[in-house]
Amino acid sequence: MCVGIKAKVSNVENGMAVIDSSGVRRKISSELIEDLAPGDYVMVHAGIAIAKINGDDNQEAEEVMEAL
């Protein structure tokens, strides 16, 4: 089974991104995602951003993060 987490992007630089997931910040690879910017939400698996979460999902992601 694979587990991915939703995380908010804090910074992007040279194919790497700093993410925040429930207050825990870490650096991950962002090379698979084009046009990633601070404030975006991504799905992270094994230290790699594998998908960008768009639109209404951002509001849902923020609500989930607040609840956690």
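Structure first, text after, so check above.
The rules we used
Residues numbered from 1 in each chain as written. Predicted model: local features only at pLDDT ≥ 70, side-chain atom pairs only at ≥ 80, totals over all residues. Heavy atoms only, no water. Salt bridge = Lys/Arg side-chain N within 4 Å of Asp/Glu carboxyl O. Helix = DSSP H or I, 4+ residues; strand = E, 2+ residues; numbered from the N terminus. Buried < 20%, exposed > 50% of the residue type's maximum accessible area, 1.4 Å probe, protein only. Patch = residues over 30% accessible without salt bridge, like charges linked within 9 Å, V, L, I, M, F, W, Y side chains within 5 Å. Areas by Shrake-Rupley, 256 points an atom, 1.4 Å probe, with all protein chains shown as cover. Core = buried A, V, L, I, M, F, W, Y, C linked by side-chain atoms within 4.5 Å. Contact = heavy atoms within 4.5 Å.

Chemist: Go over the pattern of salt bridges, please, and point to the residues and values.
Modeler: Side-chain pairing between opposite charges can occur once the charged atoms of the two side chains come close. In total, this model carries 1 salt bridge according to the counting rule given. One salt bridge in this structure joins lysine 52 and aspartate 40, with 3.3 Å as the shortest N-O distance. Placement of lysine 52 in strand β5 (residues 48–53) and of aspartate 40 in the loop between β3 (24–29) and β4 (41–45) is noted, with a sequence separation of 12 residues between them. Of the residues examined, aspartate 40 reaches a relative accessible area of 16% and is grouped as buried.

Chemist: Tell me about a nonpolar patch on the surface, residues and numbers included.
Modeler: A cluster of nonpolar side chains, namely Leu32, Ile48 and Ile50, defines an oily patch on the protein surface of about 280 Å² accessible area. What makes isoleucine 50 partly exposed here is its relative accessible area of 47%.

Chemist: Give me the nonpolar core: which residues, what numbers.
Modeler: Membership of the largest hydrophobic core is limited to 10 residues, which are Ala7, Val9, Ala17, Ile19, Ile28, Ile33, Leu36, Val42, Val44 and Ala49. Contributions of two or more residues to this core are made by β1 (5–13), β2 (16–21) and β4. Among all residues touching alanine 7, those that are not within four sequence positions of it are Ile19, Asp20, Ser21, Asp40, Tyr41, Val42 and Val44.

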